[in-house]
Amino acid sequence: VIFSSIGIGLVATAFLPVAGVAPGSQQVSNTITINEIASASPIGITGGEYRIDAGSYTSVSGTIDPGQQVTLRQTASANCDITTSAVLNIAGVLRSFDVTTLACDTTPDPLPRFTTQANVPLGSVRTSEAIGITGINAPVPISISGGEYSIGCTASFTSSPGTIANGQNVCVRLTASASYDTASIATLTVSTASTSFHVITAAASGFTVTPQV
């Protein structure tokens, strides 16, 4: 921060950058004192709001006098690892308040294995329970082999690769084998993590299927 001497004290004349903040969070700058300007100098801002002394925050252009203080605020980007700037303009002199969101985390928490369904009818369509995606702060790739998935567990399933975000749920479905006592497996991959859904058809008459654990 740049400082200037006023009397026996020091006052900031530039805004400190802020980094590692939560996406979408509101951030407030340090307060600076404005000097060496004419009375009623024009003041305006882009990318945020300003407050003169203890007044209300505003994005509307106005005027400022020597010795008054200014604080800025802005809303951080909704995405990770992005820098946004609120730029204050006082009589043609620009001062920037930069805010950077935290680094992207695309490694999800370990995915639980879907509950195995055993003794199911041959050729039946089976749908898993929902599991939640956690531990990331950016959309990540999602794909499947051996079945289909649904983000949000709606009636819409797909086998095409896509993306999924933190906090979303996903279900998997597959068609059971047409043969008795046969396992079918769908493997879901979310970024670097994978999990599977096992379905086992019923045994032929006179046999019993023991569910896999």
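One can find the structure itself at the top, above this paragraph.
Below you will find a few notes about this structure. (Residues numbered from 1 in each chain as written. Predicted model: local features only at pLDDT ≥ 70, side-chain atom pairs only at ≥ 80, totals over all residues. Heavy atoms only, no water.)

**Quick look at the packing of aromatic side chains**
- As enumerated under the stated definition, the model contains 1 aromatic pair in all.
- Seen in terms of ring centroids, Phe114 and Phe197 are 6.1 Å apart; in terms of plane orientation they differ by 75°. Their pairing is edge-to-face. One end of the pair, Phe114, is in the loop between strand S11 (93-101) and strand S12 (117-120); the other, Phe197, is in strand S20 (residues 193-201), with 83 residues separating them in the sequence.
- Given a relative accessible area of 2%, Phe114 falls into the buried group. (Phe/Tyr/Trp six-rings, centres within 6.5 Å; stacked < 30°, edge-to-face > 60°. Helix = DSSP H or I, 4+ residues; strand = E, 2+ residues; numbered from the N terminus. Buried < 20%, exposed > 50% of the residue type's maximum accessible area, 1.4 Å probe, protein only.)

**Some thoughts on the sheet that holds S11**
- The strand order S3-S11-S10-S6-S8 describes an open sheet built from 5 strands, whose pairing is mixed. The open sheet terminates on both sides in strands that have one partner only, identified here as strand S3 (18-21) and strand S8 (62-64). Strand-to-strand twist in this sheet, taken as the mean axis angle between neighbours without regard to direction, amounts to 30°.
- Taken together, the 3 bridges between strand S6 (residues 41-46) and S8 define a ladder with antiparallel strand orientation. For Ile43, the partnering residue across the bridge sits in S8 and is Gly62. (Pairing = 2+ DSSP bridges. Axes fitted to C-alpha atoms, helices over the stretch in contact; angles between N-to-C directions.)

Nothing here speaks to function; it is geometry throughout.
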